[in-house]
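Structural features, examined
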Amino acid sequence: MTTMTAAGSIESVRSAIARGETTATALAESYLARIAEEDPRIHAWLSVGREYALAQAAEIDKLAANGETLPPLAGVPVGIKDVLTLEGFPATAGSKILEGYRPPYTATAVRKLADAGAIFPGKLNCDEFAMGSSNENSAYGPVHNPHHLDRVPGGSSGGSAAAVAAGMAVATLGTDTGGSIRQPASFCGVVGVLPTYGRVSRYGLIAFASSLDRIGPFAANVRDAATVLGVIAGHDPMDATSSPLAVPDYAADLDRSADQGVSGMRLGVPAEYFAEGLDAEVRAAIEGGIERLRSAGAEICPISLPHTRYAIPAYYVIATAEASSNLARFDGVRYGLRAPQSDTLAAMYRRTRDLGFGAEVKRRIMLGTYVLSHGYYDAYYRKAQQVRRLLADDFLSAFKEVDAIVTPTAPTPAFRIGEKSDDPVAMYLADIYTVTASLAGICGISVPCGRSAEGLPIGMQILGKHFDEAAIFRVGQALENLLAS
Ligand code: GLN
């Protein structure tokens, strides 16, 4: 077990710098030192950019010295999952095929963080092209769960979750296609947000499955996660799927609802998420959390999401189909790795892809190509899209009755490194409670809700209507307060 110190909150960092109690430079130095000390055991970071972070910090210190109003994330160390681009920095997506690639542009979400004064210590480890639930598919080696080093941190944003849990960053960005923010947040005992599809621009995100991929924050508490989402959200002309809807002030919303908490809210509890396969300790923790929400004035409503059992198969058809198309661009010509000494162009493509892609990525490209192929398209891909519609309709009808839905985030606490790596189907089931919201496009959050007897964190997933992040933050904040009291 690693010793963990609570990371400072965003407001405490910003106000300490504003009041001159510390400098952004001193703070960046202390986080870099912590990374140097902790990360050899955890391996959350794929690259650390000391000079860059210190240069960013110097800019903030200049503002502070001139007595200027500091931007909302002034001096706050934020780590970036390595599927997001930062101009001039490595962006490996956890894959050998992008070794040596230096993107010539910066992702919109990352640029917005920088504009808000955040400091970037570096890029975070993840499953290759965000495919996985344990971070064991990273070509650069697994991440270890800071709470228990022989456990996985969850995936695919395992580095992003572990960095916050071990106090190596105040917040991080991850991506969630089928659960990759919520599930690692649950395993590492931190908060992770899946924003509504379209809420955050995907420009500069190395695509896995474009109709499902979303960028969202990890933080040590709900308020910080809300603050970071407020910074990165909004319309972007570079992403046609980003929404023009105005971005609410999520933190101010939390202040407004602080006295009321969840009182008067209707929270749905779907029977399908408390069935076979749910670990007994997870069940007990989540039921305990729901009881507390009830005693705080929420109305708990049993609901049904009847198509839930088709979600995993539909997800693995749609996600792999889109991946097979998105990953066709990695051919040894345009990015990163190129296999040496091939006689023909076709041989170079083949050898590059054979050397550069890991087993899971190859499996998904083959699966995706198959479900899109002539003769199988109708049976698999079209059918999966129809199921997707039914799943979304389940949520739409549920949200006529309730304000938010509460479930476990994952069926178990963090499993052992190696425990599921030979069994792709067992691994896919780790996302059984998260892929539904991914397919439906709605928002969600995972908030810590107790621990197992072994001390492993357990997360509660709170799902909300499209663009109603305010509701899930409100429930999440109430749960956090109730568990702290
Ligand atoms: N574990 C799921 C998968 O392997 C989800 C990954 C993700 O959300 N990026 O596809």
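Conventions and cut-offs
Residues numbered from 1 in each chain as written. Predicted model: local features only at pLDDT ≥ 70, side-chain atom pairs only at ≥ 80, totals over all residues. Heavy atoms only, no water. Pairing = 2+ DSSP bridges. Helix = DSSP H or I, 4+ residues; strand = E, 2+ residues; numbered from the N terminus. Axes fitted to C-alpha atoms, helices over the stretch in contact; angles between N-to-C directions. Contact = heavy atoms within 4.5 Å. Core = buried A, V, L, I, M, F, W, Y, C linked by side-chain atoms within 4.5 Å. Buried < 20%, exposed > 50% of the residue type's maximum accessible area, 1.4 Å probe, protein only.

1. As for the sheet that holds strand β6 (residues 214-219)
Taken together, 11 strands build an open sheet; the order of strands is β1-β3-β2-β4-β6-β5-β10-β11-β9-β7-β8 and the sheet is mixed. Strands at the two margins of the open sheet, each flanked by one partner only, are β1 (45-48) and β8 (299-303). Here the average twist between neighbouring strands, direction ignored, is 30°. Here helix α5 (residues 158-165) sits on the sheet in contact with β1, β2 (78-81), β3 (122-124), β4 (171-176) and β6, set at roughly 155° to β4.

2. What to know about unusual backbone geometry
Peptide bonds are trans in most cases, and residues, glycine excluded, mostly fall at negative phi. The residue after G155, namely S156, is reached through a cis peptide bond having omega 0°. Relative to the assigned elements, S156 resides in the loop between β3 and α5. Non-glycine residue A93 carries a positive phi angle of around 55°. Inspection of the secondary structure assignment puts A93 in the loop between β2 and α4 (108-115).

3. A few points about the nonpolar core
In this structure, L113, F129, L173 and L293 are the most contacted members of the largest nonpolar core, which totals 130 residues. Broken down by element, the residue count for this core peaks at 10 residues, all from helix α10 (residues 311-326). Residues A44, W45, A162 and A163 belong to the second largest nonpolar core, which totals 11 residues.

4. With respect to helix α1 (residues 10-18)
Within α1 the residues assigned to the buried category are I10, V13, S15, A16 and I17. In this fold, the buried residues of α1 make contact with α2 (24-42), α3 (50-65) and α7 (222-232).

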